[in-house]
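Architecture at a glance
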Amino acid sequence: MLAKALERFIKWALSAWRDLSIDAKVVALFGVGNWFLLFANHTTVAATHDVPLWQLFPPGADAAFLIACGTLAFAYPFRDHRARGSFTTRARVLHLAAIVATFVIIPTIASIVLRETGKPYTYIHDGALMVEEAARKFLAGMNPYVADYLDTPMFFWPMINNPALYHLTYFPFMFLVSGPFVWFFDHFGIVWDQRYLYLPAYVGTLALVPFIVQGAAHRLAMTAAIALNPQLFPFVVEGRNDFFVLLFLFAGLALLMRERRTTSSLAFAAAGAAKLHALIFLPFVAVYLIATKRPRNLREVIVALVPTWPAALFLLATFVPFLANNFGAFWDDVVSYNAGGAAWTYPISGMGFSAILLALGLIPYRQADFPFVAIEIAVAAPIAAWWFIRLWQRPTIATLLAGYALTLLAFLFFGRYFQGNYLGFIAAVFTPVPFLAARATRRAPRRYRRPVPAIVTAPRPSREPAPAPLASPAPVPVALDAAAEPSPVGVGSTD
């Protein structure tokens, strides 16, 4: 009896799942899955240890938060299954916005409030805290890569012997863009929180999705997959900078798909000037820009790259002042500290190749030096080269993103540390690929063959005068293979 009931339920569930739209399936998968993870796995930085997200709220409100998350996550596929056509696109957008607000925005605001009503080094990730203090060092006339952070709230951040007290690991654009906000808030006695910048970047990244893929269902599905990425959205709450970088990457993609090559290159350069993850993207962009022009000589290659000169100037203006001021300090903070070889190296952590070696005892302790850089290059370089060839042969946005995502995965996985948000960042970059590929497959036209002319027997000659010749029929058009990459509506001209 029980087995038959279970069998009927499974059949009904499978049938209902097949009937769901693609956006309802994605929301169900990510929304319901993350709701279960909220109870234990989704944690955030607190005072002295990480806590589940629901513990950011006082008793009573924590239960309401969990109930709201679960109800909204289950309700979306239920409405899609029951309401069918009456569950309009506008209603879907509002429902997804409510899910995003409940899962991400409300906990982020709660974390900001807890920090501002407590200690400045609590309820925030030390990366965000480091950028805030680096901006203050810069405003005080110091080189943030030379200065230490012993006189800042970083000293009290809950990590014993935090090596970040002596090393600024971020690229300059991160604290340069924060500088004006830090000055304004400090000048008027208002508490600045780096999430005032990162949270709008999260929302802005989601707002760019409709400019990258077409179709309401695909836009909603891709937005849900990125917004509720389980290895990314919990880190928005504690103030990590992944969506700040993704904002510029997605903006660049939207502009590039509309042939705005100059402004898209500037957006990519801004992302690269903020984080190493995005700097690796720039060679792929260069190959794409050249390959789409199909150059026949070196002159045409240079012409294809001409639109990128403002981006090159931007990168030079961002990096050169700090390199010229103290190249050794910059190299020690950004390269040696992360790769190994600095006086105080970043400890091995995360879930990558280094963690496996440490668990196997092949590396004696977390701060030990190990040639991870050589391994990273040995693995990532062939993968990048292979994707460069593919991108040259098939220059599409899907190929561009797939090659970059897989190269970045190889590079970071075999590095000194591979954090969960790294995996989330790579997944977010790769998310548009299946949607773009599916669109290209649907839009590819059929190849028509010319009709084979029938063999007609010549008539016998007649003594009657021949009639006037008729106009020859128009030739049958032959559809050629179009480019596989779809372009969103409203393609503009080149900058």
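Residues numbered from 1 in each chain as written. Predicted model: local features only at pLDDT ≥ 70, side-chain atom pairs only at ≥ 80, totals over all residues. Heavy atoms only, no water.

Re the overall build of the chain
What counts here: Helix and strand assignments follow DSSP, with helices taken as H or I runs no shorter than four residues and strands as E runs no shorter than two, numbered in order from the N terminus. Burial here depends on accessible area, computed with a 1.4 Å probe over protein chains only, as a share of the maximum for the residue type. Under 20% is buried, over 50% is exposed, and the range in between is partly exposed. Residue burial considers only the protein chains on display, and all accessible areas are found by Shrake-Rupley using a 1.4 Å probe.
In terms of helices and strands, the chain carries 21 helices and 4 strands. Every one of the 495 residues in the chain was classed for burial, and the buried ones make up 47%. Surface summary for the chain: the accessible area is close to 24800 Å², and the carbon and sulfur share equals 68%.

A look at the packing of aromatic side chains
To be explicit about the condition: Stacked, edge-to-face and tilted labels apply to pairs of Phe, Tyr and Trp rings (six-membered ring for Trp) whose centres lie within 6.5 Å, assigned for plane angles under 30 degrees, over 60, and everything in between, in that order. Throughout this description, the term charge over a ring refers to an Arg CZ or Lys NZ atom that lies within 6 Å of the ring centre and within 35 degrees of the ring normal.
As enumerated under the stated definition, the model contains 42 aromatic pairs in all. A cation over an aromatic ring shows up here: Lys 137 above the ring of Tyr 149, its NZ or CZ 5.7 Å from the ring centre.

A few points about the pattern of salt bridges
Using the following cut-off: Salt bridge, as used here: a side-chain nitrogen of Lys or Arg that lies within 4 Å of a carboxyl oxygen of Asp or Glu.
Applying the stated rule across the entire model yields 12 salt bridges. For the salt bridge of Arg 115 with Glu 132, the shortest nitrogen-to-oxygen distance reads 2.9 Å. Here Glu 132 lies in helix α5 (residues 126-139) and Arg 115 lies in helix α4 (residues 89-116), a separation of 17 residues in the sequence. The two residues Arg 115 and Glu 132 agree in class, both being buried.

Re unusual backbone geometry
Here the phi dihedral of Glu 259 falls at roughly 65 degrees; this positive angle occurs in a residue that is not glycine. On the secondary structure map, Glu 259 appears in the loop between α10 (242-256) and α11 (261-272). Backbone geometry at Arg 294 places phi at a positive 50 degrees, although glycine is not the residue there. Following the sequence through the fold, Arg 294 ends up in the loop between α13 (281-291) and α14 (298-305). The exposure class assigned to Arg 294 is partly exposed, which follows from its relative accessible area of 40%.

Looking at the packing of helix α3 (residues 61-83) against α4
In plain terms, the rule: Axes here mean lines fitted to C-alpha atoms, for a helix over just the part in contact, with angles spanning 0 to 180 degrees between N-to-C directions. Angle categories: roughly parallel below 35 degrees, roughly antiparallel above 145, roughly perpendicular from 65 to 115, and oblique for all the rest. Should the near helix be turned anticlockwise from the far one by less than a right angle, the crossing is termed left-handed; should it be turned clockwise, right-handed. In this analysis, two residues are considered to be in contact whenever any of their non-hydrogen atoms come within 4.5 Å of each other. Ten residues, namely Ala, Val, Leu, Ile, Met, Phe, Trp, Tyr, Cys and Pro, are considered nonpolar, four, namely Asp, Glu, Lys and Arg, are considered charged, and the remaining ones, Gly among them, are considered polar.
Relative to each other, α3 and α4 sit at 160 degrees, their axes nearing to 10 Å. Viewed along their axes, α3 and α4 adopt a mutual orientation that is roughly antiparallel. In this structure, the crossing between α3 and α4 has a hand that is left-handed. Counted together, Phe 65, Ala 68, Cys 69, Leu 72, Ala 73, Ala 75, Tyr 76, Arg 79 and Asp 80 of α3 and Ala 91, Arg 92, His 95, Leu 96, Ala 98, Ile 99, Thr 102, Phe 103 and Pro 107 of α4 form the full contact between these two elements. Here the contact of α3 with α4 is built from residues that sort into 13 nonpolar, 2 polar and 3 charged.

Concerning the environment of Ala 64
Of note, Ala 64 is situated in helix α3. Taking the C-alpha atoms as reference, Ala 64 lies 9.3 Å from Trp 54; in sequence the two are 10 residues apart.

Here we look at helix α6 (residues 172-187)
Short version of the rule: Each residue after the first adds 1.5 Å to the expected span of a helix.
The terminal C-alpha atoms of α6 lie 22 Å apart, and with 16 residues this matches the ideal 22 Å at 1.5 Å per residue to within 8%. Within the sequence span of α6, burial applies to Pro 172, Phe 173, Met 174, Phe 175, Ser 178, Gly 179, Val 182 and Phe 185. At the exit of α6 stands Gly 189, carrying a positive phi of roughly 70 degrees.

A look at the nonpolar core
Our working definition: Buried residues of nine kinds, namely Ala, Val, Leu, Ile, Met, Phe, Trp, Tyr and Cys, make up a nonpolar core once their side-chain atoms join them within 4.5 Å.
In terms of nonpolar packing, the biggest core is built from 122 residues, with Leu 249 and Phe 281 touching the most fellow members. If you look at the next biggest cluster of nonpolar residues, it comprises 6 residues, including Ile 348, Leu 357, Leu 358 and Ala 368.

Some details on the environment of Ser 86
Here is the rule we go by: Here a polar contact means two N or O atoms within 3.5 Å. Within protein one must be a hydrogen donor candidate and the other an acceptor candidate, and residues neighboring in sequence count only if both atoms are side-chain atoms.
Note that Ser 86 resides in the loop between α3 and α4. Judged by relative accessible area, Ser 86 falls into the exposed class, the value being 54%. Reaching out from Ser 86, the side chain makes a polar contact with the backbone oxygen of Ala 83 at a distance of 2.8 Å.

Comments concerning the confidence of the model for the chain
The condition that has to hold: pLDDT runs from 0 to 100 and stands for how confident the predictor is about each residue.
Mean pLDDT for the chain: 87, with 88% of residues reaching 70 or above. For residues 446-450, every residue scores under 50 in pLDDT, and the model assigns this stretch 7 contacts once sequence neighbours within four places are set aside. Across residues 460-494, confidence stays below pLDDT 50; counting only partners more than four residues off in sequence or on other chains, it has 43 contacts.

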